[in-house]
Amino acid sequence: MADTRASRPAHPDDRGAGVVIVGASVAGVRTAQALRAEGYAGTITMLDAESAEPYDKPPLSKNLLTGAASADDVRLFGEGEAHELEIDLRLGVRAVSLDLGARTVVCESGERFPFSQLVIASGARARRPAWASLTGVFTLRSMADAAAIRERLVPGSTVAIVGAGFIGAELASAAQAAGVQATLIDPLATPLARILGSEVGALLADWHRSKVATEFGVGVTDVSPEAGSLRVTLSDGRRLNADTVLVGIGVELNVEWLLDSPIHLDGGVLCDASGRALDAWGDPVPDVFAVGDVSRWFAPGRGAHVRVEHWTNAVEQSQVVARAVVDPGGAAAHHPSFAVWSDQFGSKIQMSGYTQAEDVVVVIDGERWVALYADGGSLVGVVTVNWPRLQMLARRTIASGGTRDVMVEQAQALREHAAAARPGG
Amino acid sequence: MAIVTANLSLCQGYANCVVAADDYFDIDDDGLVVLLKTDVPDDQRERVEAAARSCPVSALRVTDA
Ligand SMILES: Cc1cc2nc3c(=O)[nH]c(=O)nc-3n(C[C@H](O)[C@H](O)[C@H](O)COP(=O)(O)OP(=O)(O)OC[C@H]3O[C@@H](n4cnc5c(N)ncnc54)[C@H](O)[C@@H]3O)c2cc1C
Ligand code: SF4
């Protein structure tokens with residue numbers, strides 16, 4: 001490999017308007033960084049509707065909420081980095097439409113940003129039920145949301161958390177750590193079964209029940225104000241009182257600004273396997289890419305378009321798109337790792353690959369365990385709790401097409417080793 | 001020539017770096033990153049920087065030697 005930083009010629013379009021990136025969260029920022037690392041020498045303009053310096057979202061429900069990290073710890077750019085990389089960061093600027101004919105992004109302020117290539121990284125926002133506008137009810141997607149929630153986590157107060165996905169469980173964990181009495185509510189009896197299958201979903205549901213008060217299998221039909229607090233009505237007719245209600249029930253995509261463009265929106269900005277946005281005929285729209293939560297890329301291993309709303313995937317995609325911008329002929333198909341982590345109740349949950357396969361083997365070693373998912377003998381997915389090394393080994397095995405049995409043996413060997421080494425174990 | 005360094009107090013064992021460049025990074029049983037080598041020749045820099053960008057807690061840094 002040659003030193004691309006020095007030797008790669010500038011893209012022919014570099015004389016022109018350059019790359020415009022809409023959205024300065026992880027997908028947008030990592031794309032800008034990767035473009036420079038790939039030797040892109042043209043102009044990079046990055047717009048974001050928010051005026052806060054670009055920050056990372058996973059800590060919002062983790063150590064930013066517990067106070068272990070501050071806003072300065074979660075910036076996506078290092079000190080002075082955006083300036084050094086000559087990235088023109090336009091904060092507080094909202095894109096409202098895309099004029100593809102004129103290759104221009106039009107903003108709320110009336111400003112227009114012409115581009116040679118466009119990267120759509122406008123992500124998603126929290127879905128809000130009708131009662132979400134009540135005082136004391138919060139969703140979590142931004143730094144401001146996290147700050148507001150943090151203020152509510154007063155020791156001795158009560159909080160009802162609606163939705164027991166990863167964010168809901170992390171919120172419950174942070175609330176408890178702050179001395180708040182939390183109840184985690186989900187309409188499904190096994191909230192994580194949808195993404196992890198029924199067996200592993202049940203393991204985690206039991207684990208959650210052992211950590212926090214839960215109401216699984218009952219929905220929330222209404223929330224209303226009552227004498228300074230909130231009354232939460234459950235689908236079985238019971239009522240709960242809470243000082244604060246936190247809602248984690250999924251997202252809506254920030255695609256309104258694309259509605260009048262030829263870009264095909266179908267559960268996300270539909271893209272090919274290297275992030276090129278497609279039109280309604282399935283053809284790539286020239287020089288338009290999409291990355292991160294807003295995008296739905298073709299995943300060759302699944303034979304389908306898949307939208308992924310996780311951090312590592314956004315970073316993987318940003319690398320692929322940066323390469324495709326710099327070297328349009330060399331666009332390679334991306335094989336996503338589907339890697340996700342969640343930190344909750346002092347444990348580290350990690351997963352990657354396809355974790356909905358029916359065929360799953362679980363190896364438990366005290367406080368740590370692994371679930372290995374197979375399809376026709378091959379390892380296709382993995383979930384680990386507190387077992388990062390096994391997660392890493394399994395991710396490699398998935399990538400290289402290895403068998404599940406070999407991973408089960410490795411896990412058992414590591415377990416027996418640990419048991420033998422433990423006094424009295 | 002550059003070097004790669006890891007901040008072990010930040011590392012959370014996510015292993016994204018290992019997946020991106022397993023000749024440079026490994027993780028130990030406690031889930032902490034292990035640097036297999038630290039010298040980054042120019043022709044490897046892009047790849048190691050990509051691995052550093054893939055770290056969710058920015059625990060890796062590639063700097064000029
Ligand atoms: C609380 C929380 C915890 C999470 N924890 C984890 C975790 O532990 N592990 C994990 O893998 N993932 C986690 N995620 C998911 C991960 O953070 C997302 O996958 C990631 O943020 C997606 O990045 P993105 O850049 O695609 O979109 P977003 O982060 O949604 O960013 C989109 C950006 O675009 C801007 N924007 C939107 N519309 C416009 C417009 N019209 N004009 C200009 N700008 C616009 C927005 O202001 C925003 O800054 C978490 C998410 C949240 C909210
Ligand atoms: S990606 Fe970062 S957190 Fe993960 S093992 Fe590597 S250095 Fe540690």
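Looking up chain B in an unreviewed UniProt entry gives the name 3-phenylpropionate/trans-cinnamate dioxygenase ferredoxin reductase subunit, with the organism given as Microcella alkalica. Listed in UniProt under the heading Cofactor (unreviewed entry), the comment for chain B reads: "[3Fe-4S] cluster".

In this section: the site of ligand 2. With respect to spatial proximity, 14 residues lie near ligand 2, and among them B:Cys11, B:Tyr14, B:Ala15, B:Cys17 and B:Cys55 are the closest. Broken down by class, the residue content of the shell around ligand 2 amounts to eleven nonpolar, three polar and no charged.

Turning to the interface of chain A and chain B, a few remarks are in order. Think of interface size as the accessible area that goes away when the parts come together; that is how it is often given. Contact with chain A, which involves 24 residues of that partner, is made by 25 residues of chain B. Summing both sides of the interface, chain A and chain B together bury roughly 2,200 Å²; the carbon and sulfur share of this comes to 47%. For the pair chain A and chain B, the interface holds three salt bridges. Residue A:Arg396 is joined to B:Asp22 by a salt bridge in which the shortest nitrogen-to-oxygen separation is 3.8 Å. Between chain A and chain B we count eleven residue pairs in polar contact (both at pLDDT 80 or more) in total. Going through the elements one at a time, α1 (4-7), α2 (26-37), α8 (311-326), β23 (340-344), β24 (347-353) and α9 (388-400) of chain A are the ones with two or more residues in the side of chain A that touches chain B. Here the side of chain A that touches chain B is composed, by residue class, of eight nonpolar, five polar and eleven charged.

The next point concerns the confidence of the model for chain A. Averaged over all residues, the pLDDT of chain A equals 92, while 94% of them reach at least 70. Low pLDDT (under 50) marks residues 1-14 of chain A, which in the prediction has 26 contacts with non-local residues, meaning those over four places away or in another chain.

All names here are of chain A. Strands sit in the order β23-β24-β27-β26-β25 across an open sheet of five strands; the sheet is antiparallel. Either end of the sheet is taken by a strand with one partner, and the two such strands are β23 and β25 (359-365). Taking each pair of neighbouring strands and ignoring which way they run, the sheet shows an average axis angle of 15°. Sheet topology places β25 next to strand β26 (residues 368-375); seven bridges connect them, and they run antiparallel. Paired with Asp365 across the two strands is Arg368, which belongs to β26. Docked against the sheet, helix α6 (residues 166-177) engages β23 and β24, running at close to 25° with respect to β23. Against the sheet, α9 makes contact with β24, β26 and β27 (378-385), and its axis sits at roughly 165° relative to β27, the strand it touches most.

Moving on, we come to the site of ligand 1. Residue and element names in this part refer to chain A. Near ligand 1 you find 32 residues, and of these Ser25, Asp48, Lys62, Arg141 and Asp293 are the closest. With respect to ligand 1, the backbone of Val26 contributes an N or O atom lying 3.5 Å from an oxygen atom. At a separation of 2.6 Å, an oxygen atom of ligand 1 approaches a polar side-chain atom of Asp48. Notes on ligand 1: free accessible area 1,000 Å², of which the protein chains cover 95%.

Thresholds, definitions, all that
Residues numbered from 1 in each chain as written. Chains lettered and ligands numbered in written order. Predicted model: local features only at pLDDT ≥ 70, side-chain atom pairs only at ≥ 80, totals over all residues. Heavy atoms only, no water. UniProt positions renumbered as here; feature names shortened; annotations may be inferred. Near = heavy atom within 4 Å. Nonpolar A, V, L, I, M, F, W, Y, C, P; charged D, E, K, R; others polar. Contact = heavy atoms within 4.5 Å. Buried area = accessible area lost by both parts, 1.4 Å probe. Salt bridge = Lys/Arg side-chain N within 4 Å of Asp/Glu carboxyl O. Polar contact = N/O pair within 3.5 Å; in protein donor to acceptor, adjacent residues only side chain to side chain. Helix = DSSP H or I, 4+ residues; strand = E, 2+ residues; numbered from the N terminus. pLDDT = per-residue confidence, 0-100. Pairing = 2+ DSSP bridges. Axes fitted to C-alpha atoms, helices over the stretch in contact; angles between N-to-C directions. Areas by Shrake-Rupley, 256 points an atom, 1.4 Å probe, with all protein chains shown as cover.

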